[in-house]
Amino acid sequence: MDLAYTEEEEEFRARLREWLAAVLPRLPAKPGPDDWPGRRAYDTAWQRMLYDAGYAGLHWPVDAGGRGATPTQYLIFLEETERAGAPYVGANFVGLLHAGPTIAAEGTTEQRARWLPPVLRGDEIWCQGFSEPGAGSDLAALRTRGVRDGDHYVVSGSKIWTSHAEVADWCELLVRTDPAAPKHRGISWLAMEMDAPGVTVRPLRTLAGSTEFAEMFLDEVRVPVSHRVGAENDGWRVTMVTLSFERGTAFVGEVVACRRTLAALAAEARRGGRWDDPVLRRRLGRLNAEFRALWRLTQWNVSEAQSTGGVPGTGGSVFKLRYSHARQELYEAAAEVLGADSADLDREWVLDRLSSLSYTIAAGTSQIQRNLVAERILGLPKGR
């Protein structure tokens, strides 16, 4: 991995900075956290601006509608947009970082043509229908059924933690299509329209007060067989592609954000008189080293994904495992800097601290990640 920037890459950075400086002051005020229609409109409008300027799907393959940028250009894009305070992907998260890359890697020509351009333009929002109430961390224990009926699957069951279901047009959905097969071999990956008859969504309020997750109930929902990505009963393999994106490259922008937060925490500690505490300084210094290392690992993971056709490898589990805990430690340090104000929900970083608690669960628990690292990287035998 070459960490030096070429003249072409520095020119790309300069053009991006110039564009961001011109467009960001014109953005409207960001909607409140409970205004989901407003948040969808805000996030999709920003995505359309990126698309019109040629920055949407920057690192996606050209034949998938992207620009085929180098890993370094993509990382420069993340650095500069975060530095400038540009909007994050928001409601576009699942489509841009999970479902879209999966369809680009595994979909047919027709599927790529149907679903990828609307994701890149911000025309359609996706949600994720993977987790189930009774499965816990054992995703393959899902019970939602997809029974073949001619050219459709008839889907019944329930999902939980369905990200952005309130405003989504499509759902990346896992269903069991062969209940007699071993649990990892009887699953299919479907794209389901959220306005299909039989779909019921009930928002879930998190500890931080947000409702980006929902319960989803499916009562004989008809999903065309043509909306299956990959072969029937091969959905677990396709799911591993989705999860490799979720764990390997979907969080890279957040590493940049955490580094900026860390710098802001140090500045706040100086203003608030906490900088004289040597224990706090050591803690912030260690976190600085931690996030610098995570950024290097991010660069390595993105470079590896580029060299293997765009799909991240098992290094994503190493990153996700360490990042989840580092993020929690960052916001614990924020609470230390804020002192008594750390219980004030209106103070900066307090809600982030609450949401950070979920990161060791989301996208596969830390226990699952340790198993993956042990078995797939270190070659240890499976636990009993």
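First, a word on what this report is: a plain description of the structure on this page. What you see is a predicted model, and the numbers here were worked out from it, not measured in a lab.

1. Some points on empty space enclosed by the protein
Then comes step 1: On inspection of all chains with the given rule, the structure shows 2 cavities of 30 Å³ or more.
Then comes step 2: Taken as a whole, the second largest cavity encloses approximately 30 Å³ of empty space.
Then comes step 3: Residue lining of the second largest cavity: Tyr331, Ala334, Ala335, Leu338, Ser342, Trp349, Val350 and Arg353, and that is the complete set.
Then comes step 4: Listing elements by their share of the lining of the second largest cavity, those giving two or more residues are helix 9 (315–338) and helix 10 (350–356).
Then comes step 5: Of all the elements, helix 9 adds the most residues to the lining of the second largest cavity, at 4 residues.

2. With respect to the packing of helix 2 (residues 36–53) against helix 5 (residues 109–121)
Each pair of packed helices can be summarised by the angle the axes make with each other and by the distance between the axes.
Then comes step 1: Where helix 2 meets helix 5, the closest approach of the two axes is 7 Å, and the angle between their N-to-C directions is 100 degrees. Judged by the angle between their axes, helix 2 and helix 5 are roughly perpendicular. Listed contacts from helix 5 to Thr44, Gln47, Arg48 and Tyr51 of helix 2 are Val119, Leu120 and Arg121.
Then comes step 2: Residues of the contact of helix 2 with helix 5, tallied by class, amount to 3 nonpolar, 2 polar and 2 charged.

3. Things to note about the nonpolar core
Then comes step 1: Counting residues in hydrophobic clusters, the biggest one holds 71 residues, and the most contacted among them are Trp46, Trp126, Trp189 and Phe291.
Then comes step 2: Counting residues per element, this core draws most heavily on helix 9, at 9 residues.
Then comes step 3: Each residue touching Trp46, except ones within four places of it in the same chain, is listed here: Trp19, Leu20, Val23, Leu24, Leu27, Ala86, Pro87 and Tyr88.
Then comes step 4: Counting 23 residues, the second largest nonpolar core, distinct from the first, contains Cys127, Cys171, Met194 and Leu218.

4. Some remarks on the environment of Ala326
Then comes step 1: With respect to the helices, strands and loops of the structure, Ala326 is situated in helix 9.
Then comes step 2: Residue Ala326 is classed as buried on the basis of its relative accessible area, which comes to 0%.
Then comes step 3: Distance in space between the C-alpha atoms of Ala326 and Leu287 is 7.4 Å, their sequence separation being 39 residues.
Then comes step 4: With sequence-adjacent residues up to four places away left out, Ala326 is seen in contact with Leu287, Glu290, Phe291 and Leu294.

5. Examining helix 5
Then comes step 1: In a regular helix each residue adds 1.5 Å, so 13 residues correspond to 18 Å; helix 5 covers 18 Å between its end C-alpha atoms and thus fits that length.
Then comes step 2: Of all the bends in helix 5, the largest measures some 25 degrees and sits at Trp115, one to four residues before the proline Pro117.
Then comes step 3: Listed as buried for helix 5 are Gln111, Arg112, Trp115, Leu116, Pro118, Val119 and Leu120.
Then comes step 4: Where helix 5 is buried, its residues meet helix 2, helix 4 (93–106), strand 1 (126–129), strand 4 (170–176), strand 5 (187–193) and strand 8 (228–229).

6. Topic: the environment of Met192
Then comes step 1: Relative to the helices and strands, Met192 is located in strand 5.
Then comes step 2: Here Met192 falls in the buried class, since its relative accessible area comes to 1%.
Then comes step 3: Residues Met192 and Val223, spaced 31 residues apart in sequence, show a C-alpha to C-alpha distance of 6.0 Å.

7. Quick word on unusual backbone geometry
Then comes step 1: Despite not being glycine, Trp161 has its phi angle at roughly 55 degrees, a positive value.
Then comes step 2: Given a relative accessible area of 47%, Trp161 falls into the partly exposed group.
Then comes step 3: One non-glycine residue, His164, adopts positive backbone phi at about 60 degrees.
Then comes step 4: Inspection of the secondary structure puts His164 in the loop between strand 3 (152–159) and strand 4.

Reading the values: the criteria
- Residues numbered from 1 in each chain as written.
- Predicted model: local features only at pLDDT ≥ 70, side-chain atom pairs only at ≥ 80, totals over all residues.
- Heavy atoms only, no water.
- 1 Å grid on protein atoms, 1.4 Å probe; cavity = no way out; pocket = protein on both sides within 12 Å on 5 of 7 lines; lining within 4 Å.
- Points joined across faces, edges and corners; volume = space filled by probe spheres on them.
- Helix = DSSP H or I, 4+ residues; strand = E, 2+ residues; numbered from the N terminus.
- Axes fitted to C-alpha atoms, helices over the stretch in contact; angles between N-to-C directions.
- Parallel < 35°, antiparallel > 145°, perpendicular 65-115°, else oblique.
- Contact = heavy atoms within 4.5 Å.
- Nonpolar A, V, L, I, M, F, W, Y, C, P; charged D, E, K, R; others polar.
- Core = buried A, V, L, I, M, F, W, Y, C linked by side-chain atoms within 4.5 Å.
- Buried < 20%, exposed > 50% of the residue type's maximum accessible area, 1.4 Å probe, protein only.
- Expected span 1.5 Å × (residues − 1).
- Bend = angle between axes of the 7 residues up to and from the residue.

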